[in-house]
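# Remarks on the overall topology
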Amino acid sequence: MLQRVHVIVRGRVQGVYFRASTRDRARQLGLAGWVRNCPDGNVELIAEGEKAKLEQLVTWCHSGPRGAAVRDVMVEWQETAGEFVGFVVKY
């Protein structure tokens, strides 16, 4: 069964390739959705796919790429909309 997760990652997460690394990890897991930088310095993502794969991505977000200093990860599970094809970085 497919699910959807909305994640906000707080800390030093911009300027450390967090978006590109998230995109690469999500694609490895076969997930669809997007990731973007927020004006407040956080990183936001929405991903859809199998719950176990989404949980792996959320776990990865707690550490992120080398250079990141994650302080907090907010996770909200949502109903799947099926609106995404692939996983992209939004600008």
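Here goes a summary of the coordinates provided. (Residues numbered from 1 in each chain as written. Predicted model: local features only at pLDDT ≥ 70, side-chain atom pairs only at ≥ 80, totals over all residues. Heavy atoms only, no water.)

## Here's the deal with the packing of aromatic side chains
For clarity, the cut-off: Pairs were defined over the aromatic rings of Phe, Tyr and Trp, the Trp ring being its six-membered one, requiring ring centres within 6.5 Å. Orientation was assigned from the angle between planes: stacked under 30 degrees, edge-to-face over 60, tilted for the rest. Strands here are runs of E lasting at least two residues and helices are runs of H or I lasting at least four, both read from the DSSP assignment and numbered beginning at the N terminus. Remark: exposure states derive from per-residue accessible area (1.4 Å probe, protein chains only) relative to the maximum for the residue type, with buried under 20%, exposed over 50%, and partly exposed in between. Note on criteria: charge over ring means Lys NZ or Arg CZ within 6 Å of the ring centre, with the direction from the centre no more than 35 degrees off the ring normal.
Summed over all chains, the structure comprises one aromatic pair. Ring geometry for F18 against W60: centres 5.4 Å apart, planes inclined by 55 degrees, an arrangement best described as tilted. One end of the pair, F18, is in helix α1 (residues 18–28); the other, W60, is in helix α2 (residues 51–61), with 42 residues separating them in the sequence. On the basis of relative accessible area, F18 is assigned to the buried category, the value being 1%. Across the ring face of W34, the terminal group of K90 is positioned such that the distance to the ring centre comes to 4.3 Å.

## Here we look at the packing of α1 against α2
The line we're drawing: Whenever a helix is involved, its axis is fitted only over the stretch in contact; in every case the axis is a line through C-alpha atoms, and angles between N-to-C directions fall within 0 to 180 degrees. Between 65 and 115 degrees an angle is taken as roughly perpendicular, under 35 as roughly parallel, over 145 as roughly antiparallel, and anywhere else as oblique. Handedness of a crossing is defined here by the sense of rotation of the near helix relative to the far one, left-handed for an anticlockwise turn of less than a right angle and right-handed for a clockwise turn. Note on contacts: a residue pair is in contact if any heavy atoms of the two residues lie within 4.5 Å.
The interhelical angle for the contact between α1 and α2, taken along N-to-C directions, is 155 degrees, at an axis separation of 10 Å. By the angle class used here, α1 and α2 are roughly antiparallel. In this structure, the crossing between α1 and α2 has a hand that is right-handed. Residues F18, S21, T22, R25 and A26 of α1 pack against Q56, L57, W60 and C61 of α2.

## Focus on the pattern of salt bridges
Going by this rule: Salt-bridge detection follows one rule: a side-chain nitrogen of Lys or Arg within 4 Å of a carboxyl oxygen of Asp or Glu.
Tallying each qualifying case throughout the model produces five salt bridges. The salt bridge partner of E48 is R4, with a shortest N-O separation of 3.0 Å. One end of the pair, E48, is in strand β3 (residues 43–50); the other, R4, is in strand β1 (residues 2–12), and 44 residues separate them in sequence. Owing to a relative accessible area of 7%, E48 belongs among the buried residues under this scheme. Measuring nitrogen to oxygen at the nearest pair gives 3.2 Å for the salt bridge that ties R23 to D24. Its relative accessible area of 22% is what places R23 among the partly exposed residues. A relative accessible area of 37% means that D24 is categorised as partly exposed. Salt bridges sharing partners connect three or more residues here, namely R4, E48 and E83.

## Some remarks on the environment of G41
Within the secondary structure layout, G41 lies in the loop between β2 (32–37) and β3. The exposure class assigned to G41 is partly exposed, which follows from its relative accessible area of 24%. As for G41 and A26, which are separated by 15 residues in sequence, their C-alpha atoms are 21 Å apart. Sequence-distant contacts of G41, that is, excluding residues within four places in its chain, are made with G11, V13 and Q14.

## Re the side chain of E48
Rules: By the criterion applied in these results, polar contacts are pairs of N or O atoms within 3.5 Å in which, for protein atoms, one can donate a hydrogen and the other can accept it, and in which residues neighboring in sequence qualify only through two side-chain atoms.
Separated by 3.0 Å, the side chains of E48 and R4 make a polar contact. With residues near it in sequence (within four places) discarded, E48 still touches Q3, R4, L31, A32, L54, T80, A81, G82, E83 and F84.

Bear in mind that shape data such as this cannot, by itself, settle questions of function.
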